[in-house]
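Each chain is listed here by its residues.
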Amino acid sequence: MAFVVSSGQLATTGAGVTPMFSAMPIPAAPWEYEAIWRTQPQVRTVISFLARNIAQVGIHVFRRVSNTDRERLTDHPLAQLLAEPLPGMTQYRFIERMVSDYALYDDFYGIKLRLDGRLRVLPVPPTLIRPAEGNWIAPKYYETAGGRQFAPNEVLHVHGYTPETLTHGTSPIESLRDVLLESTEAAKQRAAMWKGGARHTGVLVRPPDAPEWGPGEKARFREMWRSFTQGGGGEGGTPILEDGMDYKPVGFNPQQAQYIEARKLTREEVSAAYFIPPPLIGILDHATYSNIKEQHSHLYQDTLGPYMAMFAQELQAQILSDLPDSRDVYCEFNIDAKMRGSFEEQAAAASTATGRPWMTVNETRARNNLPAIDGGDELIVPLNVTQGGLASPRDTAPEPDAAPKALARRVSTKAGPTGSEPSPDELREEFATALVELSDELFAALQESEPASAEAVRSWWTAGRSGRLAKLSKLIAEYLLRFGRAGARRVLEEFNPSGEGWSAEVMEPWLLAAALHHAELHDAAGEEAAIEAAAAPPAEGGVAAALVLAGGLWAAAALTRSETAATEALSFGGHDAAEASGLTYKVWRTASDNPRSQHAAVNGERAPLNGLFSNGLRWPGDSTGDADDTANCRCLLTYSISE
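A short tour of the structure in this document, coming up. (Residues numbered from 1 in each chain as written. Predicted model: local features only at pLDDT ≥ 70, side-chain atom pairs only at ≥ 80, totals over all residues. Heavy atoms only, no water.)

Details of the pattern of salt bridges
A full pass over the atoms with the stated rule returns 19 salt bridges. The partner of Arg93 in a salt bridge is Glu96, and the shortest N-O contact between them spans 2.7 Å. Note that Arg93 and Glu96 are positioned in helix H5 (residues 91-105) at a spacing of three residues, about one turn of the helix. Here Glu563 and Arg428 are joined by a salt bridge, their closest N and O atoms 3.1 Å apart. In this pair, Glu563 sits in helix H21 (residues 542-580) while Arg428 sits in helix H17 (residues 424-448), placing the two residues 135 residues apart along the sequence. A relative accessible area of 7% means that Arg428 is categorised as buried. (Salt bridge = Lys/Arg side-chain N within 4 Å of Asp/Glu carboxyl O. Helix = DSSP H or I, 4+ residues; strand = E, 2+ residues; numbered from the N terminus. Buried < 20%, exposed > 50% of the residue type's maximum accessible area, 1.4 Å probe, protein only.)

What follows is the structure, encoded as structure tokens:
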């Protein structure tokens, strides 16, 4: 990019422009920046954190077609340059070096080259190039360590702020030099202490009436003492003090020196200089799941966002003018990929925004690496979305106060396919949606009460517990009864089509008790998330903002709870039908291509119908097991009459 400066015109403004002068960066004596990066773990941790997290975000190139439209460019020269800055250099390594150099030196230099008719950029370590002569507005040229000179428009130079000039930056390390020096000196003192057998500095005191030593005795004792304190081979042993001598330590002991606290302080100071929240780099003193997740969501906005905006604008300003067909072309980091929620959150938002299902069966199968099937390219739209006057498929969940369908009708003792009941997978989706929506409704009541502290949240939650449990257990019972019948039907259709000896009413008391148990666990999860969030609210938004995140966590817990409860009810229903049908053995089967290790270990294991598997469970989702064994489990059982 051509850069034209008129020093004469600017001089008349009183700006102090002096031709042929360019102030040079102040060296980081007594250390060089690269030595600090190599030897200071706090500095390396923070800079590597910045470089890795920015480098993994891809840069996309676009052309602005109108104020409301743009097109992605993949074959534009800028896109090709960013994809491969040098032959064999990846975009990740280029961005990693750019960010690392900028974070360490506050300067990044890249020499523009023409190779095979394409523009390339060669990153140059800031120790090997510098701006030379010129004035405080712009250098006359850039000079390399080998004496080669490059015009300003031949160099990509990204730099930060320096009060006295516009030609280079000032490394943040300068402001951290005293803190890092103190840390280094403390490390030397600790090394000396361990070298001396973990003994701190002290003095030896001889009583006044001790016999006088001659040169020989003094030399002998000096050598003996050095062997215990200065790497003489006796470290850790016990020296023998003569003539009533006494050893008195001088200086700090480890507790007084606060070594651990000092190391944490150093890392906190370094992270503050680079605007990184401490929990993200391993300082977890005041970290909770809630605030770490919240800080992670702000990472690409407040911490890395300014860096990425600056780098994108510098690349546009200094490179686009050297490339053809660059009108209305710009680049930006693909931060949207990092700001998206979980798959469940994205799917729910898309369904709500579009007002109908938005993916075909084959599109979903392709995302799961499965082959397409016949008839899978049509969009399936439920009738209640297009004919029920509803705005979204997510509006179809039953009202929490409505009578549960499972309790309103009895199933015949001669069970068989009803023809109207959805498949277990469809029922799982319906159950998850209903439980998430009820959780959102219950949590909204807490937010409307506007509690000001964790104690206020606890009081509110305790006061309304019975009402919440009634609503939760009512909804969960509705679906557990349906899952129980679905599990029973699968076994009866194979072994006992007439349903002889089996009755749905026999299962209901157990399933209703299980529903109350799951309601209590889900209610406790919501209480824990709300109190924990309110106890450590973010600086902006306070308790109200913290509860927004806690509500999302409870909704996510609802998805897990629905999966776990559904598997338990399916397993119990099938087990009950197998017992009524005279089956005597059961076999554990995993239903996933990548099951958890606990379930893979029992896959195919056979056990007596009323016995336990080797993992201590009666069936998949057994509530007597630990959460690690049951949460989100989709395993199933098969049955037989004999081995």
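Considering the sheet that holds strand E12 (residues 585-589)
Spatial strand order, E13-E12-E14: three strands in an open sheet with antiparallel pairing. The open sheet has two edge strands with one neighbour each: strand E13 (606-608) and strand E14 (636-640). Within this sheet the neighbouring strands show an average axis-to-axis angle of 35°, counted without direction. Bridge analysis of E12 against E14 gives five bridges, and the strand direction is antiparallel. Bridging from a neighbouring strand, Val587 pairs with Thr638 of E14. (Pairing = 2+ DSSP bridges. Axes fitted to C-alpha atoms, helices over the stretch in contact; angles between N-to-C directions.)

Examining the sheet that holds strand E3 (residues 107-115)
Across the sheet, three strands lie side by side as E4-E3-E8; this open sheet has antiparallel pairing. Looking at the sheet topology across the chains shown, the edges are occupied by strand E4 (118-124) and strand E8 (155-159). Taken pair by pair, the neighbouring strands of this sheet meet at an average axis angle of 25°, ignoring direction. Alignment of E3 against E4, held across seven bridges, turns out to be antiparallel. Counted as the bridge partner of Gly110 is Pro123 from E4. Contacting E3, E4 and E8, H5 runs over the sheet at an angle of about 145° to E3. The sheet strands contacting helix H11 (residues 305-319) are E3, E4 and E8, and the helix crosses E8 at an angle near 150°. (Contact = heavy atoms within 4.5 Å.)

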